[in-house]
Amino acid sequence: MLSLLLAAPFVAALVCVLGSGRDGFAATRLALVMSVVIAGLAGVVAINGATPVDMPWFTLWGTGATVHFSLLGDGISAWMALLALGLGPAAILASRVSLGDKMREFCAGLFALQGCLVGAFLAGDVVQFYFFFEAGLLPMAVLLAMFGDPEHRRQATMQFFLYTMLGSILMLVAIWYLAAHGQSTLISDLPATVAGLSPTARTACFAAFALAFAVKTPLMPFHSWQAPVYAACPAGAAVVLAGAMAKLGTYGFLRLVVPVFPEASAQYAWVFILLGVIGVVLGALMALAQRDLKRMLAFSSLSHLGLVVIGIFTFENAGLDGAVVQMVAHGLSVGALFLLIGVLEGRTGLRDIDAFGAVAGRAPVYAVLFVCAALAAVALPGTAGFVGEVMLLYGTFSGLMACCGLTGAIVVTLLAGSSLIFGAGYVLRATQRLLYGNKPEPGGARMSEITGAEGTAVGVLLVATLVLGLLPSLITGRSAETTHALGAGARAARVVACGTDGCCVLPGPGPAEPVVMVKEADDAE
Amino acid sequence: MGPSMLSSESVAWLWLIPLLPLLGFVVNGVMALTGARSKAGPSRGFASFIAVLMPALSFALTIAAAIKLAGVRAPLGQAAALDHQGFSWFSLGSIDLHFGLHFDALTSLMLLFVTGIGSLIVLYSSGYMAADRGLARFMSYLNLFLFSMIMLVMGDNILVTFLGWEGVGLCSYLLIGFWHTDHANNDAARKAFIVNRIGDLGFLLGVFALLAAVSSVDAELTLDYVGLAEVFRGNAAALQGSALVTAATVLLFIGCTGKSAQIPLMVWLPDAMAGPTPVSALIHAATMVTSGVFLLARLSDVFVLAPGTMDLITWIALATMLWAAIAALFQWDIKKVLAYSTVSQLGFMFLAAGVGRFDVALFHVFTHAFFKATLFLGAGSVIHELHHEQDMRKMGGLRKVMPVTFASMVFAWWAICGLPGGAGFFSKDLILEYAFEANPVLWVIAVAAAALTAFYMTRLMCYTFWSKPRSDTPVAKIHDPDWRMSAPVFVLGLGSLFSGLLWFGVLDIAFFSEYLAPVVGRSQAQFAALHETAQAVAEGAADDGHHGLGKMIALMAVSVAVAAAAASAAYFKFRSAPNSDSDAPVSGFGAAWTWGFDRVYETCLVKPTMVIGRFVDRVIDQGAIAPAVRSVGGMVDYLGAGYRSFQRGQLRVSLAISVLCLTLILGVVLMDLLLGGVH
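Residue positions are counted from 1 within each chain, in the order its sequence is given. Here every chain gets a letter starting at A, and every ligand a number starting at 1, in the order they are written. Whole-chain, interface and lining totals are the exception, using all residues; otherwise, since this is a predicted model, local features are given only for residues with pLDDT of at least 70 and side-chain atom pairs are given and counted only at 80 or more. Heavy atoms throughout the structure, all of them, feed into the side-chain values; hydrogens and water do not.

(A) Expanded view of the nonpolar core. By nonpolar core is meant a set of buried Ala, Val, Leu, Ile, Met, Phe, Trp, Tyr and Cys residues that side-chain atoms within 4.5 Å join together. Classification of residues uses two cut-offs on accessible area relative to the type maximum, computed with a 1.4 Å probe and protein chains only: under 20% is buried, over 50% is exposed, and between them is partly exposed. By size, the foremost hydrophobic cluster in this structure holds 450 residues, and its most contacted members are A:Phe209, A:Phe253, A:Phe313, A:Tyr366, B:Leu92, B:Leu159 and B:Phe232. Helix and strand definitions follow DSSP, with helices as H or I runs of at least four residues and strands as E runs of at least two, each counted in order from the N terminus. When residues of this core are assigned to their parent elements, the largest contribution, 25 residues, is made by helix H19 (residues 384–435) of chain A.

Okay, here's the thing in structure tokens:
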């Protein structure tokens, strides 16, 4: 079942290339049907589960370790795979108008990208994970270079490819090192391997993994690839990039950093909480300063995923559950928003926040969908985002209570939760400028009503966020056990760390921030 | 499940109370959406019918539930309740949260006027908005609001309440910005939402601190109200005045200041008058803004353990009531007078809660709902007849041409001034009395605020009804609006006269103090025992009326005399509606008394936020980090000539690479499938 799920997108990509001619609409229809079927398959796996696959594959050159072909069917992996595949129909519909006859190539690339994401999310072996993690860059870069915003796509593609590639190259070295020291590269065997390493090697490997995921998420200050890439990205690819691919970073933290390096994670948790808080606050502030809608979404993702990282590094059950729920919730809401902005851009060729106005009068259904997606993005209770954020914030609060006492807990949670306020600020500002007012700007005047298919795609995402907002146990019911186990080691390690040198978090969020910035600049040079 | 379960009865049809308005929202919403681009628009009659019917049915069910509740026998010291577990929502750490309903005396009281007055206001809206193209959309928002408000008061745990809490904030946003072609309305709506969100974050943090307090006494973590009350009652000695409880209550109170427009988060309410007038009546006077008081009463067992917070509430309430009453003196916009008046009256409610009398606070919530709804709806009728004129200087002399509206408004004016017999007389006087018992200084300030209330309300009545006509619309053309608008106003006007009598009770039941006693009585007694002097405790033994009757009557006489004096002073000053500074714009400095606060927020919070945002974006992000990254990129680019062709976007090369990649991956997959077959 899992193998089928992994193979399906690649087969679909081939079918796309072979099965449809130059006719963009035929290609779209074909791809849409396949993508709905595959998403349905992923849905079955996510709800019902599937038997994990595990078989020896080959021996890694230069080491004694056997690489396995291993697929995990647990709640986290299955739901992340569902997210990657479920956004497919939305991504295809978001691009149809603007890409026209190039849809065949686009859909093939999209399926390949989804396949790689599924491969990474389901991987039970770290080598396999790395393979798909990196392989995903190729189709993404191709999509970006071929279909991106003509003016900026060269720069953006280069930045995206190099930055994320360089970020993860150290991880490759670390994987090799771990493979040489252990007998197996199965993720479940890694903690034992790591426990046998010297403290220096352990910290170095931890840093290599953490860097790769920090770039991918991205965490401040490794985020500078994000905004240009999101802005240049065709809306359809951005749906998958922001909705699912960026979650590889947070997923990596959850699956490969916290459980594999429990001591180092506990020791350096404050770094990630600090970077997360900085990301949450500054990401939201920068989102407020944007005029380009896609750039605004890029910074809002920075802000939202910062909160996820904070939640993961509190090692509290609530925070870890919240991380999983929030990854799905953010994927749905940001996917819906990218789709809607794609519709806007496809109709008008514009995406400047001030170029519209009074769209509600010309396209009332579009306006309603946009408002609903905006409300999902600001985590209104009843949407999945609310459940995710409450869990994350509670995890943050109780984790810091345990470590730093009441004042620290309130301060950090307040900063982490400020996204609730700033988020409302930029999202409602965009809503107002786009939809309301009485005088349409050029973009607003050219805007026409959303089509049935596009509306349905957004509607499905919104219904999903509503359903998961009321019944998040659909996710946590299957993922909680795994998630809690993943955090157990680090939680225990933190108790030890807290016992010895008291507070392990927060030397103070204010002054540390420029220091980090300067360091990064130095490193980069 | 604790022993408290014995005192409650599971009733599934409780769900109908919130779900009916939700159904109304869905039906009207679909109608509004599908009819949005048609020529005629959705059917007005049907939209109104559904929108009025659903809350009215909820009201009927609320009455049925209240009757059923009266039949539930609770063990001594337990609050009788109806409830329904609903379904499992999510787990917060070790807490299993249910999406359930709880219906006790406090809920029933709130629901009776939320659905009752709510239905009347929806009926009124069907007349007020009859000519508006977006009637169905408006009606759907009103129903969604009622759904959220019902969830707020019926939730059996704090997070279900929070769902309603944010839901009413959302509806407030949608309704303030209802006429969204005007950006002034949209700005007001956005401000309301964001200011409320600040309070909401405080609310959430308060909930977390509350949980920390629960775990500090090793009790089982819970967010159910019943469970929380047990924990905080059971561990009162250990938690009394602890830092955790103080932090939790202060944070929760910040949430209340947002929703109930108290200092410092009150800045959104005057601006919120941009919405259609029925909205102001429903949301910004009768229901939503009182949810802060409801929350205090709901968590009274927690709040009484934090004497510092109770003092804070008291003083914030006093400052707010006085400031808002002064602000109301200077308004020319009739709705703004009422808006500031609402803020001021909310101050009275919080004062009562702050001195530990939650039942009195709720009594004032109840009476205020009647008279303020009457005032807003009456003002709405006036505005409607004068073709959207809100400047009181262009009104006057409406007494004769709009008799029904005038009569209702007089009832409500009588009530809000606290003149004997009106509803406000009873509730406000009780508040003043308990304030005096706590500290005579509180009483002095509150009496001053009450006098100002009588003054500005009489000014409003003079300018609108009693003086000579000054309107642009010819007087001959002005008349009472049709029954859909007049009837609700009149019914509510009667309520303003008589709802106060409920304190003394019909049929010998002291409605409020006894009815609410199971819910808030114990915490009140606890608070009194902890905070009064020995002598006061001794007096408290014979509390509520019999002893100290003389003092009570004296206090009442003073406050009534002061109010009457203020009202007559205003009458003689304004009865001919002097037009001294008639050039002052409706929304100038004098009109916007939150201006000071707004400017502080603008300069201290909003501007710096935007400046930091731009600074980080331009200077640090694009100025420092990006070039550094680009230089790395450039270097690699220089080295890798092969990469360049890819980078130029040459399709063939990139396609070749992706095909290569695909082949590789397919190989892997095929291998897996083949091997999988062997297994």
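(B) Quick peek at helix H5 (residues 158–176) of chain B. Residues and elements named next belong to chain B. The span one expects for a helix is its residue count, reduced by one, times 1.5 Å. With 19 residues, H5 ought to run about 27 Å at 1.5 Å a step, and its terminal C-alpha atoms sit 26 Å apart, in line with that. Of all 19 residues in H5, 19 are buried; the element is thus mostly enclosed. Each polar contact in these results corresponds to two N or O atoms within 3.5 Å; when the atoms are within protein, one needs to be able to donate a hydrogen and the other to accept it, and residues that are neighboring in sequence are counted only if both atoms are side-chain atoms. Taking the backbone nitrogen of Leu159 as reference, a side-chain oxygen 2.9 Å away marks Asn157 as the first, capping residue of H5.

(C) Spatial organisation of the side chain of B:Asp480. Residue and element names in this part refer to chain B. In this structure, Asp480 sits in the loop between helix H20 (440–466) and helix H21 (483–498). In this tally, Lys and Arg are treated as positive and Asp and Glu as negative; His is ignored, and so are the chain termini. A pairing counts as a salt bridge when a side-chain nitrogen of Lys or Arg comes within 4 Å of a carboxyl oxygen of Asp or Glu. With no salt bridge to any partner, buried Asp480 finds its closest opposite charge in Arg399, at an N-O distance of 13 Å. At 2.9 Å, the side chain of Asp480 forms a polar contact with the backbone nitrogen of Val404. Excluding anything up to four places from it in sequence, Asp480 contacts Glu385, Val401, Met402, Pro403, Val404, Thr405 and Ser486. Residue contacts are defined here by distance: any two heavy atoms, one from each residue, within 4.5 Å place the two residues in contact.

(D) View of the sheet that holds strand S3 (residues 95–103) of chain B. Residues and elements named next belong to chain B. Paired strands, in this sense, are two strands between which DSSP finds at least two bridges. The sheet built from 3 strands is open, its strands ordered S1-S2-S3 with mixed pairing. Lying at the two open borders of the sheet, with one neighbouring strand each, are strand S1 (8–10) and S3. The sheet shows a mean angle of 50° between the axes of neighbouring strands, taken without regard to direction. The pairing of strand S2 (residues 81–92) with S3 spans 8 bridges and is classified as antiparallel. What sits directly across from Phe87, in S3, is Phe99. Lines fitted to the C-alpha atoms define the axes, with helices restricted to the stretch that makes contact. Angles between their N-to-C directions range from 0 to 180 degrees.

(E) A look at the packing of helix H4 (residues 88–99) of chain A against helix H21 (residues 452–470) of chain A. Residues and elements named next belong to chain A. Taken N-terminus to C-terminus, the directions of H4 and H21 make an angle of 150°; their axes are 9 Å apart at the nearest point. Classed by the angle they form, the pair H4 and H21 counts as roughly antiparallel. Viewed along their axes, H4 and H21 form a crossing whose handedness is left-handed. Each of Ala90, Leu93, Arg96 and Val97 in H4 lies in contact with H21, whose residues at this interface are Ala453, Glu454, Ala457 and Leu461. When residues are sorted by character, Ala, Val, Leu, Ile, Met, Phe, Trp, Tyr, Cys and Pro go into the nonpolar class, Asp, Glu, Lys and Arg into the charged class, and all the rest, Gly among them, into the polar class. Class assignment of the residues belonging to the contact of H4 with H21 gives a composition of 6 nonpolar, no polar and 2 charged. With respect to orientation, any angle under 35 degrees is reported as roughly parallel, any angle over 145 as roughly antiparallel, any angle of 65 to 115 as roughly perpendicular, and every other angle as oblique. By convention, the crossing between two helices is left-handed when the near helix turns anticlockwise from the far helix through less than a right angle, and right-handed when the turn is clockwise.

(F) The arrangement of unusual backbone geometry in detail. Residues and elements named next belong to chain A. Cis rather than trans, the peptide bond between Thr217 and Pro218 has omega equal to -10°. Topologically, Pro218 is positioned in the loop between helix H10 (199–216) and helix H11 (226–232). Backbone geometry at Phe315 places phi at a positive 60°, although glycine is not the residue there. For Phe315, the position within the fold is in the loop between helix H15 (293–312) and helix H16 (317–348).

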